[in-house]
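# Analysis of the macromolecular model
If you want the building blocks of each chain, they are given just below.
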Number of protein chains: 4
Amino acid sequence: MLLATSCDFEFDITEPTPFILMLRPRSGAQQWISREEYKLTPSIPAFEFTDTYGNLCQRLVAPRGRFAIHTEAEVMITDTIHKAPGAPFVEVQWLPNEVLSFLLPSRYCESESFSRMAIEITAGKLLGYDQVAAIEDWLRKTIRYLPGSSDDPISAIEVNKKQSGVCRDLAHLGIALCRALSIPARLVVGYNYGLVPMDMHAWFEAFVGDRWYVFDATQKEVTAGYVALGFGRDAVDVAVYNQFGPAVYPITQQVSVELIDSGE
Amino acid sequence: MLLATSCDFEFDITEPTPFILMLRPRSGAQQWISREEYKLTPSIPAFEFTDTYGNLCQRLVAPRGRFAIHTEAEVMITDTIHKAPGAPFVEVQWLPNEVLSFLLPSRYCESESFSRMAIEITAGKLLGYDQVAAIEDWLRKTIRYLPGSSDDPISAIEVNKKQSGVCRDLAHLGIALCRALSIPARLVVGYNYGLVPMDMHAWFEAFVGDRWYVFDATQKEVTAGYVALGFGRDAVDVAVYNQFGPAVYPITQQVSVELIDSGE
Amino acid sequence: MLLATSCDFEFDITEPTPFILMLRPRSGAQQWISREEYKLTPSIPAFEFTDTYGNLCQRLVAPRGRFAIHTEAEVMITDTIHKAPGAPFVEVQWLPNEVLSFLLPSRYCESESFSRMAIEITAGKLLGYDQVAAIEDWLRKTIRYLPGSSDDPISAIEVNKKQSGVCRDLAHLGIALCRALSIPARLVVGYNYGLVPMDMHAWFEAFVGDRWYVFDATQKEVTAGYVALGFGRDAVDVAVYNQFGPAVYPITQQVSVELIDSGE
Amino acid sequence: MLLATSCDFEFDITEPTPFILMLRPRSGAQQWISREEYKLTPSIPAFEFTDTYGNLCQRLVAPRGRFAIHTEAEVMITDTIHKAPGAPFVEVQWLPNEVLSFLLPSRYCESESFSRMAIEITAGKLLGYDQVAAIEDWLRKTIRYLPGSSDDPISAIEVNKKQSGVCRDLAHLGIALCRALSIPARLVVGYNYGLVPMDMHAWFEAFVGDRWYVFDATQKEVTAGYVALGFGRDAVDVAVYNQFGPAVYPITQQVSVELIDSGE
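Quantities reported herein were computed from a predicted structural model and do not represent experimental measurements.

Conventions used here
- Residues numbered from 1 in each chain as written.
- Chains lettered and ligands numbered in written order.
- Predicted model: local features only at pLDDT ≥ 70, side-chain atom pairs only at ≥ 80, totals over all residues.
- Heavy atoms only, no water.
- Helix = DSSP H or I, 4+ residues; strand = E, 2+ residues; numbered from the N terminus.
- Rg over C-alpha atoms; globule rule 2.2 N^0.38 Å.
- Contact = heavy atoms within 4.5 Å.
- Lys, Arg positive; Asp, Glu negative; His and termini not counted.
- Charge placed at Lys NZ, Arg CZ, Asp CG, Glu CD.
- Least-squares fit on C-alpha atoms with pLDDT ≥ 70 in both.
- Buried area = accessible area lost by both parts, 1.4 Å probe.
- Salt bridge = Lys/Arg side-chain N within 4 Å of Asp/Glu carboxyl O.
- Polar contact = N/O pair within 3.5 Å; in protein donor to acceptor, adjacent residues only side chain to side chain.
- Nonpolar A, V, L, I, M, F, W, Y, C, P; charged D, E, K, R; others polar.
- Axes fitted to C-alpha atoms, helices over the stretch in contact; angles between N-to-C directions.
- Left-handed = near helix turned anticlockwise from the far one by under 90°.
- Phe/Tyr/Trp six-rings, centres within 6.5 Å; stacked < 30°, edge-to-face > 60°.
- Buried < 20%, exposed > 50% of the residue type's maximum accessible area, 1.4 Å probe, protein only.
- Lys NZ or Arg CZ within 6 Å of the ring centre and 35° of its normal.
- pLDDT = per-residue confidence, 0-100.
- Pairing = 2+ DSSP bridges.

### Points about the overall build of chain A
Each helix and strand counted, chain A has four helices and 14 strands in total. Taken over C-alpha atoms, the radius of gyration comes to 18 Å for chain A, in line with the 18 Å a tight globule of 264 residues would show. Taking the principal axes of the C-alpha coordinates as reference, chain A spans close to 55 × 45 × 35 Å. In chain A, once contacts between residues fewer than 6 apart in sequence are set aside, the share between residues at least 24 apart is 76%. Averaging the locations of the 22 positively and 33 negatively charged side chains of chain A gives two centres separated by 4 Å.

And the structure:
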């Protein structure tokens, strides 16, 4: 299917402010960018680099005054999300090298504290994909999804206490539970077609069988429509913007995802 | 300045043919991509990866029949090419690690054969930038630039015998001469505003002082207007397309570069 | 100076246990490994890879029974630790790309919570090296260094509450304080000549001026004698061993560092 | 099996000479370094980095006078070289990204010139492993192996004219023939137990099925005993030493490989 995504941020900048953005989706094995736009107003110098995960990051210093970022893209993705019930757990010694760091705890995913809980939630399940599906299902039933609340990230332990959260929070708890079972898990940030209300989205992926699979406890059913902007261990690694110096907040933030062609 | 580039290829494919393309310019320290389009007709799956130089490469299998590639971009670049007469030669032991491999001979740049010639051409010059400028100047005066002739690449030795060549050939000879003096040099492929006749272009960069500088012996004066698609040791690394299986040739190939905004 | 380091671990393994070790020091710009030994008893297959930080990591599955790891090395290091009072703070927009991720919070360094405290501790100091030196000094005076206590890592917030900790804890708090000031900081794990009692050690580095500098609040005076095994955002990234499955603990763990040649 | 390797170079240096060495074998999936020594006499500063292939490289400036390099290692390797008759050819579109550059011509492997010859040599063979085995066999029968002749490298075309060569030459021709068939191939430099006369050795690897396989046309039978120092596209990438400035030649060069434990 072919999707059109767009994202607009506007800031009132009171003193020159360095930003690191992650707003350029990247063509890869899962998505193909056929059109793309990235406009800064005023037009200022910006530099791009690739982080250690392979995400495209943009660096700039926003000048005083109104500062606007506009990005849009046409992205071709597969029509369905691949699911693989029964895909086996991979013992640590057989995991690819580049996947190993996604087993470890991270800022918002204190996986070392979730062993017992993860075992309980997945009791009786086949090791691997089915464990992750059980975690996703448990999240869906247990943690109330509150779209739109957009405070600073909280960690999996706090999410579990609060029993509610934004998409990122559910994903963080899912990741912590997977890692507690020695299943590599990572956070993905991007767009999701059909999300209500429309906004940036976050979900998680788990490595079982021989690849990463998408999981998203905020949706009743995970079908297609996911466009990734970046992935990493947790929200620290994949902020769509990191800003340094005195805090500035977007005065407008608007996201849209439209279907151009269903591919059918 | 803001440039609009476009590139069109059309092929008649008689059997499914794997391609590796290098047609997506990348935002970096020197250029910012503010708009971009990459269309394949028919629309087929394509995958992107980053090669060891950091270039974006696209993989696909062209199906039987007419196959068209269209890319276009709006690229913001600096208004002038930086020149640095006097920038010093960097002794090998002080070169950054990542620059070292550009000292070695490569497929089309047999630098080990050019020591004497490089010393003669640069006699009396300050070590560093001025040596490279002398090489560029010598190429301009000595090797006849024949735009448009587009055979298979030939190596620096052959270019030197032939005393003429396309842009890539002049660059290969320039690179071989630089490396013969222990100056790192690399080939860049991309677009050049104002090139006559308009086509894909190739030039070279040399590392002196503390950075890479642009050199282009095909132009009387090297001003601005360079948009890079990729860089590498020589043409092997930066083919805009590599095709495998029985050879296919473009039935049309069209390049354009237009000025959108001079930045003045 | 030339140091001889050694490290011995022994485990009683009750079921086959995957390990990821970080026990091979790496030659780099700061240290040169002139001799090295890495023995496993029983001798079992082990595989090495490089993590995203460039650290050498060893993977293996420890078999049932007594399992011993012995490593030793002769390492040439500079005779003094470089200090640079006055080295300036680098504004975020001028930091090298590869340093940026060391500005962000991590599992054990919740830097976002330390802004006010960091400003207070460094009040009146020149921005840059002198701020970090003030942090190191404050740690030395404030947080009681308790060598040998070796529980699971605790985070900077917890260290600050407890007002005491092992080397790793002091480093984590130092890192959190630096990052709160937008100074990149990272954890280093390795050997330190003259450490009392001798053990594996952890310290931190901060990026000011144009390079990383060593800081260590556990020592009255930071002179020379540091041999790095690995570096990363915090203890998550640089465990000398990560073990998966039911927890196993070393029954013996022994570290030695001896001076072979003072270089004087 | 456990092998002890050693390598000694001595040079008479008349003016300070930068070197880049590739003399530290690396632990990986195929070999485990259990002991290692790397001595420079006089003892001078040396720095290590990893090239784009993952090889460990050492940089130093040899001072005036006698300069000696001594390296030795104990390396655990598998007891047999894996062979896989029937392992299938991998179509270009299914090759892993990181393998693609080994399809292209390189300085000493002008693969674009060997299509017809490669087809003839492998006529009637199953595509994949069996083609490479046919190439190895053809080299063994056709190109006279002249150990010890150690001139500057010559290219595959020249080797084919000369019909004789050192180990590196046979490997270059083998690589060119493989690539001409769209089979990725790379040069490996290192040690070979039982080589007569003992010296540094070079062989090649081809990617078929799902991995790299060892081929060596200099040996009647390729069994075990290979310890790699580095790999790359051809000899340009894996010189055990690259030296810059006026040429210096080793006054002694000595290599030994001994069996410590046959593993049986």
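### Some points on the relation of the copies chain A and chain B
Taken as rigid bodies, chain A and chain B are interconverted by a rotation of 180° and an axial shift of 0.0 Å, the fit giving an RMSD of 0.0 Å. Look at the turn and shift together and you get a two-fold axis relating the two. Closest approach to the rotation axis within chain A is made by the C-alpha atom of Glu36(A), at a distance of 2.5 Å. Looking at the interface residues of chain A, 100% of them are also at the interface in chain B, so both copies use one shared face.

### Points about the relation of the copies chain A and chain C
With an axial shift of 0.0 Å and an RMSD of 0.0 Å, the rotation relating chain A to chain C amounts to 180°. A symmetric contact is evident, with 100% of the interface residues of chain A recurring at the interface of chain C.

### Quick notes on the interface of chain A and chain C
With 27 residues of chain A at the contact, the number on the chain C side is 27 residues. When chain A packs against chain C, close to 2,300 Å² is buried across both sides, 59% of that on carbon and sulfur atoms. The largest share of the area that chain A buries against chain C comes from Arg59(A), Arg107(A) and Phe244(A), three residues that together contribute 26% of it. Taken together, the links from chain A to chain C amount to four salt bridges. Close ionic contact of Arg233(C) with Asp237(A) constitutes a salt bridge, the shortest N to O distance being 2.6 Å. Here chain A is connected to chain C by twelve residue pairs in polar contact (both at pLDDT 80 or more). In the side of chain A that touches chain C, the residues fall into 15 nonpolar, six polar and six charged.

### Concerning the arrangement of the chains
Nothing in chain B touches chain C, and the closest approach of their C-alpha atoms is 11 Å. There is a clear gap between chain A and chain D: no contact, and 11 Å between their nearest C-alpha atoms.

### Focus: the packing of helix H2 (residues 129-142) of chain A against helix H4 (residues 167-180) of chain A
Residue and element names in this part refer to chain A. For the pair H2 and H4, interaxial distance at closest approach is 10 Å and the crossing angle is 145°. Where H2 crosses over H4, the two elements pack in a sense that is right-handed. The residues of H4 that touch H2, namely those facing Val132, Ile135, Trp138 and Leu139, are Leu170, Leu173, Gly174, Leu177 and Cys178. Across the contact of H2 with H4, the residue classes tally to eight nonpolar, one polar and no charged.

### A short note on the packing of aromatic side chains
In total, this model carries 60 aromatic pairs over all chains according to the counting rule given. Residues Phe207(D) and Trp212(D) carry aromatic rings whose centres are separated by 5.5 Å and whose planes lie at 80° to one another, so their mutual orientation is edge-to-face. A relative accessible area of 16% means that Trp212(D) is categorised as buried. Members of the aromatic cluster, connected to one another through ring pairs, are Phe9(A), Phe11(A), Phe19(A), Phe67(A) and Tyr241(A). For the cation-ring pair, Arg211(C) lies above Tyr213(C), with the distance from its terminal atom to the ring centre recorded as 4.5 Å.

### Side note on the confidence of the model for chain A
Per-residue pLDDT for chain A has a mean of 95; in total, 99% of the residues score no lower than 70. Scoring the predicted complex yields pTM 0.93 and, for the interface, ipTM 0.93.

### A short note on the environment of Tyr191(D)
All names here are of chain D. Here tyrosine 191 is to be found in strand E9 (residues 185-192). Along the backbone, tyrosine 191 and glutamate 74 are 117 residues apart, and their C-alpha atoms lie at a distance of 12 Å. Leaving out residues up to four positions away in the same chain, tyrosine 191 has contacts with Thr5, Ser6, Cys7, Thr71, Met200, Trp203, Gly225, Tyr226, Val227, Leu229, Val255 and Val257.

### Digging into the pattern of salt bridges
Applying the stated rule across the entire model yields 60 salt bridges over all chains. Between Glu10(C) and Arg66(C) there is a salt bridge, and its shortest N-O distance comes to 3.7 Å. Of this pair, Glu10(C) sits in strand E1 (residues 2-13) while Arg66(C) is found in strand E6 (residues 65-77), placing the two residues 56 residues apart along the sequence. We classify Arg66(C) as partly exposed; its relative accessible area is 46%. Glu74(D) is the salt-bridge partner of Lys39(C), the closest N and O atoms lying 3.2 Å from each other.

### Here we look at the side chain of Arg233(B)
Here Arg233(B) lies in the loop between strand E12 (226-232) and strand E13 (241-243). If we ignore the near neighbours within four places in the chain, the residues touching Arg233(B) are Tyr53(B), Ser101(B), Phe102(B), Pro105(B), Ser106(B), Cys109(B), Ile175(B), Arg179(B), Leu187(B), Tyr53(D), Val236(D) and Asp237(D).

### Side note on the interface of chain A and chain B
The interface of chain A with chain B comprises 23 residues on the first partner and 23 residues on the second. Taken together, the two surfaces of chain A and chain B that pack against each other cover about 1,900 Å², and 46% of this comes from carbon and sulfur. Scanning the region where chain A abuts chain B turns up two salt bridges. Across the contact surface, chain A and chain B share eleven residue pairs in polar contact (both at pLDDT 80 or more). Counting only elements with at least two residues in the side of chain A that touches chain B, the list comes to strand E3 (31-41), strand E4 (47-50), strand E5 (56-62) and strand E6 (65-77) of chain A. It is E3(A) that provides the largest number of residues to the side of chain A that touches chain B, a total of nine residues.

### Things to note about the sheet that holds strand E2 (residues 17-21) of chain D
All names here are of chain D. Spatially, E4-E5-E2-E13 is the arrangement adopted by the four strands of the open sheet, whose pairing is antiparallel. Of all strands in the sheet, those bounded by a partner on one side alone are strand E4 (47-50) and strand E13 (241-243). Across the sheet, the mean angle from the axis of one strand to that of its neighbour is 25°, orientation sign disregarded. As paired strands, E2 and strand E5 (residues 56-62) are joined by five bridges and run antiparallel to one another. Residue pairing for E5: leucine 21 is matched across the bridge by glutamine 58.

### Overview of the sheet that holds E12(B)
Residues and elements named next belong to chain B. The strand order across the open sheet formed by four strands is E11-E10-E9-E12, and the pairing between neighbours is antiparallel. On the outer flanks of this sheet lie strand E11 (211-215) and E12, each paired with one strand and no other. The mean angle between the axes of side-by-side strands here comes to 40°, regardless of whether they run parallel or antiparallel. By the bridge criterion, five bridges tie strand E10 (residues 201-208) to E11 in an arrangement that is antiparallel. Following the sheet pairing, alanine 206 is matched in E11 by tyrosine 213.

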